[in-house]
Protein chains: 4
Amino acid sequence: MSVNKESIMKNASTYTLVISCPDQVGLVAAVSQFVAQRSGSLVESNNHTDLQQGWFFMRNVIAAESMDGTLEEFRADFSHLAEQYSMEWHVRDNREKRRVVVMASHATHCLADIFYRWQSDELWCEISCVISNHENMRRMVEWHGIPFHYVPVPKEDKEEAFASMSDLVERYQADVIVLARYMQIVPPQLCQEYAGRLINIHHSFLPSFVGANPYQLAYDRGVKLIGATCHYVTSELDEGPIIEQDVIRVNHSCDKDDLVRLGRDVEKSVLARGLRYHLEDRVIIRGNKTVVFNA
Amino acid sequence: MSVNKESIMKNASTYTLVISCPDQVGLVAAVSQFVAQRSGSLVESNNHTDLQQGWFFMRNVIAAESMDGTLEEFRADFSHLAEQYSMEWHVRDNREKRRVVVMASHATHCLADIFYRWQSDELWCEISCVISNHENMRRMVEWHGIPFHYVPVPKEDKEEAFASMSDLVERYQADVIVLARYMQIVPPQLCQEYAGRLINIHHSFLPSFVGANPYQLAYDRGVKLIGATCHYVTSELDEGPIIEQDVIRVNHSCDKDDLVRLGRDVEKSVLARGLRYHLEDRVIIRGNKTVVFNA
Amino acid sequence: MSVNKESIMKNASTYTLVISCPDQVGLVAAVSQFVAQRSGSLVESNNHTDLQQGWFFMRNVIAAESMDGTLEEFRADFSHLAEQYSMEWHVRDNREKRRVVVMASHATHCLADIFYRWQSDELWCEISCVISNHENMRRMVEWHGIPFHYVPVPKEDKEEAFASMSDLVERYQADVIVLARYMQIVPPQLCQEYAGRLINIHHSFLPSFVGANPYQLAYDRGVKLIGATCHYVTSELDEGPIIEQDVIRVNHSCDKDDLVRLGRDVEKSVLARGLRYHLEDRVIIRGNKTVVFNA
Amino acid sequence: MSVNKESIMKNASTYTLVISCPDQVGLVAAVSQFVAQRSGSLVESNNHTDLQQGWFFMRNVIAAESMDGTLEEFRADFSHLAEQYSMEWHVRDNREKRRVVVMASHATHCLADIFYRWQSDELWCEISCVISNHENMRRMVEWHGIPFHYVPVPKEDKEEAFASMSDLVERYQADVIVLARYMQIVPPQLCQEYAGRLINIHHSFLPSFVGANPYQLAYDRGVKLIGATCHYVTSELDEGPIIEQDVIRVNHSCDKDDLVRLGRDVEKSVLARGLRYHLEDRVIIRGNKTVVFNA
């Protein structure tokens, strides 16, 4: 479903310009003219109008090499247009990789999958470090040349752990935090600071089976499909904006361990897609919902 | 996914024998030997053992023509074996069609789909009548040669409507009742009397979005897949044993009407599969869950 | 997957403008400015650049009510722009329904499905008539108020049949011809005249199992999925541009009749989606491939 | 879809008994009675009758601990029954892991996925060694503690390479050979010797796009889904019995590199499922087709 021109992202110089603003006549014309006047060619362009809310969303990938001026000049000039249309917007040079901090617990499947896709350039980012409350994947992480930080989270007092995490996130100047089946509460301060940049994978098809033990709950209810949900973390548990979901068929012969095993494949592919959409600036959040330009 | 030998069901004489009982060594041997001793050939045979609960489930389709003795003799003889192993069981001659009463409201898609599959012998049953609280599909129903009964359900007093429905169900000697997007409460007495034979289609992926307006709720939550669930009706709303579920992908460009439209296709195919499994004795209920032998 | 604003298509006055041309800087700007200058608001807008071929594709749905000028004026003015950029293009008023002639053989599932979606306004068109080489669905077709024409096609001499078909297509001034499992050769002259407007459903996942008896071939090969393909008809059998495809899982327990039965559901949904994309001007043909803006 | 009781396979002592023979009345009874008489309990039991060919297939997983006698005694006794019914059959102690030799080229995705599933006990086997005609994955393979053998395959003279491969396969006493995107011809002698135990992943939905460069062919044809096929290797290229297939949706915005990237996920999951079915004795080959008991 998701489609990305790897060649473009990696080999050529492109900018991605993302816009969200009140809808009005002439928006596409204004933006595309701005780009054309600087000799920019649109490599990929998507827009969506939410007619009920009167809101406009746009994402453009622009070939930068032929363009006149620097990115800074682009930004300075565009800010006038943005003001005129009350845009929330950003533009990014796609050659710059963002820094991702991954937090994980003892389950390795999502982390191993992210590493594989990162190594094969399917995920265009740096992985700055892994923070875990278990030691079991240190060897695997370090083998990939990535710093591993063990931060235990005692039940009785989480404050010290919270402080360590915040320090690490700050030290590595994380652009994005990924909870790859982290299974622990994230410091509330990080939730706030990284709103819209803190990504979780929940092992159920939300809003079914919020909270702990979703596979047991799915087993008990006798559902015929199980799923996974990639979403931004907010202060309300499992209630944040959904980026991506998927399901897999199960049946009466599956016990809970089978659901866990089958679910792993869904979790890792849903997280990989969600993270990818985020890193490629395909996701625009509005309220508690997302626009995802993934084709 | 579901696989059925239409040719067998329709052209040849077969019995279907369904068993549910505590697990013990020798069960398959005892049942298959019983059949073999009467020269019965197993056309299809499935079994499942729930190891956690120590429970055994079995479904056999037996070629009847070569068998010694009548169905009545089969029943009488098998009841001894059944008693020995504390079986819940039944056996059915597949040439006999079951009588289905369909209850519907103003939405026609599920009903039209059931009619098409019934006409093309994909659903092996009689459709005895349609009961509706709207008049709009009378012409379509009667064109198919099926009696149509208009039973309005006033908000203030449903007792008379309930009595009419019960009378109709009794008059037509329904074996199965299908709620094809009926959208009304079913008389509690029918729920009890038809436990395990009263089939509903709910327009969400349960347990998400129980109750009214699931498409609006799905739209508001911003899910990336919508679904439908076919289940047996119990006294608790949308909580009965699930027979079949499926989903379809949606995205930010779908408004609520789009979800309704896309959901129709999922609803009708999920209901058709669930009803088919029931009519072919592929479903065994235990507690609030089902075993579905669908391959 | 497919998403359509029914409300827009049906209730509001909109134009759809479709463009295909050599890529160059400023195309989106030129088109969107043209629309904005006439106070047209973009309700839906998609574009795609084929970087390898240097080709640009665009589809815009424009709210017409607020626009200055008539559709004829729009056409006249736009033709200058179109010439400048060497565009192939057309613009259509979405309130006008296109005339569809359906050709079918004895299998009814695709035709019944098209009728249902047409009646419920999911397919926005007129169905002008049905042409068939069998009489079996006359009653069903006429019940829907649609003319039915029986045109037998003798093996030895098809010329007379071909002439009758061409006459009928001309008499009804068909905009689109749909082969709903027609299973006969179409007059070559119609193929030419209706290039890009003659839609077929093939009962396999092309390019597997070209030609006759694909389900038998799929059964013999032991594939684990079967499929269907909706494509434009060209002079080469089953080789035309593909609009849509889908598959369904099968297994060893399926005999050929099971494949036929399971395949019916895929055929009808794939044809419905393909026809819908065509009627909504979502498909642009280039060479032997299609761009389908379906989200 | 596939369901396996990991707990059973790993923690408990079970046998798997697989049977293929001409169909006749009393087969299930004879086999299940044989097991019951030795106090064996059926943990999983599947059978299938091919009515057209008059052929019977069966797979039983038997709890071994409560059984009377050794596996050798079971084999000796069962051989009498097997002879009587002209069975092809085998029985295996599931605690014994089979030895798998993996052959790979420069693409790492399938190999990395097999390693991950093997480490997490999802694939119940030993990985004896990896043979490759490229050096690039030596470090990764050896990090997992698995011997890596570089066997270059010069175009002009493959005989020496063939001999090396055969020697390695013999030295490691391989039970199964997996071609994880090996992309080279396998020594014909290995094909013969390992008939039914030599598994390949082909990067297309067979029989579409046989041979080299299937993604390029898929791109050129403009298909809307791409797929992968796991099959046993025979002397005819890409024509062997199919074990498992799957597909993923693509669209006009995908160039060939996108198809390659999206296809990787399908390839690895299809190969993992196919290999798993094989290792769990779920696959029975007959002619050029397979029965796969995967639920």
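Residues numbered from 1 in each chain as written. Chains lettered and ligands numbered in written order. Predicted model: local features only at pLDDT ≥ 70, side-chain atom pairs only at ≥ 80, totals over all residues.

## Some remarks on the overall build of chain A
- The number of helices and strands found in chain A is nine helices and 13 strands.
- By the compact-globule yardstick of 19 Å for 295 residues, chain A fits well, its C-alpha radius of gyration being 20 Å.
- The buried share of chain A, reckoned over its 295 residues, is 48%.
- Sequence-distant contacts in chain A: of pairs separated by 6 or more residues, those separated by 24 or more amount to 67%. (Helix = DSSP H or I, 4+ residues; strand = E, 2+ residues; numbered from the N terminus. Rg over C-alpha atoms; globule rule 2.2 N^0.38 Å. Buried ≥ 20, exposed ≤ 12 C-beta atoms within 10 Å, placed from the backbone. Contact = placed C-beta atoms within 7 Å.)

## What about the packing of helix H4 (residues 109-119) of chain D against helix H9 (residues 256-279) of chain D?
Residues and elements named next belong to chain D.
- It is the contact of H4 with H9, at a shortest axis distance of 9 Å, that shows an interaxial angle of 45 degrees. In this view, H4 runs oblique relative to H9, as classed from their interaxial angle. Between H4 and H9 lies a crossing whose hand is right-handed. Contacts between H4 and H9 involve His109, Cys110, Asp113, Ile114 and Arg117 on the former and, on the latter, Arg264, Glu267, Lys268, Leu271 and Ala272.
- Considering only residue class, the contact of H4 with H9 consists of four nonpolar, one polar and five charged. (Axes fitted to C-alpha atoms, helices over the stretch in contact; angles between N-to-C directions. Parallel < 35°, antiparallel > 145°, perpendicular 65-115°, else oblique. Left-handed = near helix turned anticlockwise from the far one by under 90°. Nonpolar A, V, L, I, M, F, W, Y, C, P; charged D, E, K, R; others polar.)

## Observations concerning the interface of chain B and chain A
- Between chain B and chain A, the residue contacts involve 24 residues of the former and 24 residues of the latter.
- Elements with a minimum of two residues in the side of chain B that touches chain A: strand E11 (242-249) and strand E13 (289-292) of chain B.
- Looking at the side of chain B that touches chain A residue by residue, the classes come out as nine nonpolar, 10 polar and five charged.

## Some words on the domain arrangement of chain A
Residues and elements named next belong to chain A.
- One can read the domain layout of chain A as domain 1 (6-93) and domain 2 (98-292).
- Counting residues at the interface gives 11 residues for domain 1 and seven residues for domain 2.
- Listing elements by their share of the side of domain 1 that touches domain 2, those giving two or more residues are helix H1 (6-11), strand E1 (14-22) and strand E3 (55-63).
- Across the side of domain 1 that touches domain 2, the residue classes break down as four nonpolar, three polar and four charged. (Domains from an automatic or database assignment.)

## Quick notes on the interface of chain C and chain D
- Counting residues at the interface gives 24 residues for chain C and 24 residues for chain D.
- Put simply, the parts of the chain that give the side of chain C that touches chain D at least two residues each are strand E11 (242-249) and strand E13 (289-292) of chain C.
- When the residues that make up the side of chain C that touches chain D are grouped by side-chain class, the tally is nine nonpolar, 10 polar and five charged.

## Comments concerning helix H2 (residues 27-37) of chain B
- For H2 of chain B, every residue scored as buried is listed here: Leu27, Val28, Ala29, Val31, Ser32 and Val35 of chain B.
- Elements in contact with the buried residues of H2 of chain B: strand E1 (14-22), strand E2 (41-50) and strand E3 (55-63) of chain B together with helix H2 (27-37) and strand E2 (41-50) of chain D.

## Remarks on unusual backbone geometry
All names here are of chain A.
- Here the bond from Leu206 into Pro207 is cis, since omega is 10 degrees, no more than 30 degrees from zero.
- Following the sequence through the fold, Pro207 ends up in the loop between strand E9 (198-202) and helix H8 (214-221).
- In this structure, Phe209 takes a positive phi of about 60 degrees despite not being glycine.
- Relative to the elements of secondary structure, Phe209 occurs in the loop between E9 and H8.

## Structural notes on the relation of the copies chain C and chain D
- Rotating chain C by 180 degrees about the axis while translating it 0.0 Å along that axis superimposes it on chain D, leaving an RMSD of 0.0 Å. Within this description, the copies of the chain are treated as partners about a two-fold rotation axis. Across chain C, the rotation axis passes nearest the C-alpha of Ser208 of chain C, at a separation of 2.4 Å.
- When the interface residues of chain C are mapped onto chain D, 100% of them again fall at the interface, so both copies present the same face. (Least-squares fit on C-alpha atoms with pLDDT ≥ 70 in both.)

## Quick word on the relation of the copies chain B and chain A
- Laying chain B over chain A is done by rotating through 180 degrees and shifting 0.0 Å along the axis; what remains is an RMSD of 0.0 Å.
- A high fraction, 100%, of the interface residues of chain B reappear at the interface in chain A, so the copies pair face to face through one surface.

## Comments concerning the environment of Arg181 of chain B
All names here are of chain B.
- Relative to the helices and strands, Arg181 is located in the loop between strand E8 (176-180) and helix H7 (188-193).
- C-beta crowding within 10 Å serves as the criterion here: with 21 such atoms nearby, Arg181 is assigned to the buried category.
- If we skip the residues at most four places from it in the chain, Arg181 touches Ala104, Ser105, Ala107, Cys110 and Ile201.

## Describing the sheet that holds strand E7 (residues 148-150) of chain B
Residues and elements named next belong to chain B.
- Pairing in this open sheet of seven strands is mixed, and the strands run E7-E6-E5-E8-E9-E10-E11 from one edge to the other. Each of the sheet's edge strands pairs with one partner strand only, and the pair in question is E7 and E11. The mean angle between the axes of side-by-side strands here comes to 20 degrees, regardless of whether they run parallel or antiparallel.
- Of the strands in this sheet, strand E5 (98-104), strand E6 (125-132), E7 and E8 are in contact with helix H6 (residues 159-171), which crosses E6 at around 165 degrees.
- Contacting E5, E6, E8, strand E9 (198-202), strand E10 (225-232) and E11, helix H9 (residues 256-279) runs over the sheet at an angle of about 155 degrees to E11. (Pairing = 2+ DSSP bridges.)

## Observations regarding the pairing of strand E12 (residues 283-286) of chain B
Residues and elements named next belong to chain B.
- Where E12 meets E13, four bridges bridge the pair, whose relative direction is antiparallel. Residue pairing for E13: Arg286 is matched across the bridge by Lys289.
- Counting the residues in the hairpin turn of E12 and E13 gives two residues, including Gly287, whose phi is positive at 60 degrees.

## Some thoughts on the environment of Arg117 of chain B
Residue and element names in this part refer to chain B.
- Here Arg117 is to be found in helix H4 (residues 109-119).
- For Arg117, a count of 21 C-beta atoms within 10 Å corresponds to the buried category.
- Remark: the alpha-carbon pair of Arg117 and Ile199, spanning 82 residues in sequence, is separated by 17 Å.
- When sequence neighbours within four positions are dropped, the list of residues in contact with Arg117 reads Glu122, Leu123 and Ala272.

## Focus: the environment of Arg197 of chain A
Residue and element names in this part refer to chain A.
- Take Arg197: it is sitting in the loop between helix H7 (188-193) and E9.
- Note: C-alpha distance between Arg197 and Val233 (36 residues apart in sequence) is 8.3 Å.
- Excluding its chain neighbours within four sequence positions, the residues that come into contact with Arg197 are Asp175, Val176 and Ile177.

## Concerning the pairing of strand E5 (residues 98-104) of chain C
Residue and element names in this part refer to chain C.
- Of all seven residues in E5, five are buried, a share of seventy percent or more.
- Judged from the seven bridges that link them, E5 and strand E6 (residues 125-132) form a sheet pairing that is parallel. When the bridges of E6 are listed, Met103 appears paired with Ile131.
- In this fold, the crossover linking E5 to E6 by way of helix H4 (residues 109-119) has right-handed handedness.
- Where E5 lies against strand E8 (residues 176-180), five bridges are found, and the strand directions are parallel. Across the sheet, residue Val101 finds its bridge partner in E8, namely Ile177. (Right-handed = clockwise from strand over helix to strand, strands pointing away.)

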